[in-house]
Amino acid sequence: MKGNSYLTRKIHSLLGVVPLALFLVNHAITNYSAFEGGPEGFNDSVEMLNGLPLIYFLEIFGIFLPLIFHGVYGLYVAYQSNWNNSRFQYGRNWAFTVQRLTGVITFVFVVWHVYQTRYQVLIGELTHEQLGNQMHEIFTNPVSVVLYTIGVLAAVFHFANGMWSFLVSWGITVGPRAQRISSYIWMGVFVIVSALFLLSIAAFRGDEFAETSAAVRTWIG
Ligand code: HEM
């Protein structure tokens, strides 16, 4: 039983990096194309991704199954763990707690967000070309902007701090010096990836993403 749980935890940890961390960074860059290239730049990125060979296979095995396993098992770990855990040296305890908290926030956020985006394409309510308008509609509602900002910051913190812990637990950053340098690097990554997402929210609010939205929207209040 112990051995099983060790292996499950290792798989959980590895899936957090490959493919989920890779997905998150790629997703931030794709969305940032809305800031840099406007509707055209964003549509080109969406088209390019959806034109990849075996895209459904990649989505199922590269995003959704790892996400469900990492999320559901992560919730189980968060539920089981002692929230005042003291297994880390002073200064890392808060990060350990926030890692669990941001995991739960990210899980709820992702379910809501996928419902608003990918699921609407799946059931035929939206086409890929209408996703820019869809994001515009979502971000013209200030409550959604606040909830997305919280969701994005939680997801990116969970990713960056998770990478720091991953490198420790897989024996890659062993000594205190390596761990200190690693924490500066991941703090920098947190700032950059958060900025990419937040700039894309600002871009989607722009009028250029509204042009065809009146004709497109039916299902969101
Ligand atoms: C500014 C913030 C964000 C924006 C504008 C955004 C936008 C989008 C869009 C437009 C799609 C549909 C893509 C398609 O069907 O081609 C999507 C899908 C998705 N997003 Fe986000 N997203 C944001 C943040 C996040 C965050 C923080 C996560 C956390 C993990 C996330 C997870 C996902 C997932 C899992 C999918 C489904 C993936 C797929 O099948 O393509 N998103 N997002």
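If you're wondering where the values come from, they're calculated on a predicted model, not measured in any experiment.

1. Quick notes on the site of the ligand
Part 1: Taken together, the neighbourhood of the ligand is formed by 24 residues, with Thr117, Arg118, Leu131, Ala155 and Phe197 sitting nearest.
Part 2: Secondary-structure elements contributing two or more residues to the shell around the ligand are α1 (2-50), α2 (55-80), α3 (93-116), α4 (118-122), α5 (131-139), α6 (142-169) and α7 (176-204).
Part 3: Its residues assigned to classes, the shell around the ligand shows 14 nonpolar, 8 polar and 2 charged.

2. A look at α5
Part 1: For α5, the tally of buried residues reaches 7 of 9 residues, placing the bulk of the element in the interior.
Part 2: Taken residue by residue, α5 has Leu131, Gly132, Asn133, Gln134, Met135, His136 and Glu137 as its buried positions.

3. Regarding the UniProt feature "binding site: heme" (unreviewed entry) in the chain
Part 1: Under the feature "binding site: heme" (unreviewed entry), the UniProt entry names His27, His70, His113 and His158.
Part 2: Tracing the chain through its elements places His113 in helix α3.
Part 3: One can find His158 in helix α6.
Part 4: Looking at His158, the number of C-beta atoms within 10 Å reads 26, which means it is buried.

4. A word on the UniProt feature "transmembrane region" (unreviewed entry) in the chain
Part 1: Taking the numbering used here, the UniProt-annotated feature "transmembrane region" (unreviewed entry) corresponds to residues 54-76, 97-115, 145-172 and 184-204.
Part 2: The span residues 54-76 shows a helical share of 96% and a strand share of 0%, and its end C-alpha atoms are spaced 32 Å apart.
Part 3: Measuring from the first to the last C-alpha atom of residues 97-115 gives 28 Å, for a span that is 100% helix and 0% strand.

5. Looking at the nonpolar core
Part 1: Counting 26 residues, the largest nonpolar core has Ala28, Ala34, Val152, Ala155, Val156 and Phe197 as its most contacted members.
Part 2: Elements represented by at least two residues in this core include exactly α1, α5, α6 and α7.
Part 3: A total of 9 residues in this core trace back to one element, the largest contributor, which is α6.
Part 4: Excluding its chain neighbours within four sequence positions, the residues that come into contact with Ala155 are Leu24, Thr106 and Phe109.

6. Looking at the environment of Phe69
Part 1: Assignment of secondary structure puts Phe69 in helix α2.
Part 2: The spacing of Phe69 and Thr8 is 61 residues in sequence and 10.0 Å in space, taken between C-alpha atoms.

7. Observations concerning unusual backbone geometry
Part 1: Val18 connects to Pro19 through a cis peptide bond whose omega is 15°.
Part 2: Topologically, Pro19 is positioned in helix α1.

Conventions we followed
Residues numbered from 1 in each chain as written. Predicted model: local features only at pLDDT ≥ 70, side-chain atom pairs only at ≥ 80, totals over all residues. Near = placed C-beta within 6 Å. Helix = DSSP H or I, 4+ residues; strand = E, 2+ residues; numbered from the N terminus. Nonpolar A, V, L, I, M, F, W, Y, C, P; charged D, E, K, R; others polar. Buried ≥ 20, exposed ≤ 12 C-beta atoms within 10 Å, placed from the backbone. UniProt positions renumbered as here; feature names shortened; annotations may be inferred. Core = buried A, V, L, I, M, F, W, Y, C linked by C-beta atoms within 7 Å. Contact = placed C-beta atoms within 7 Å.

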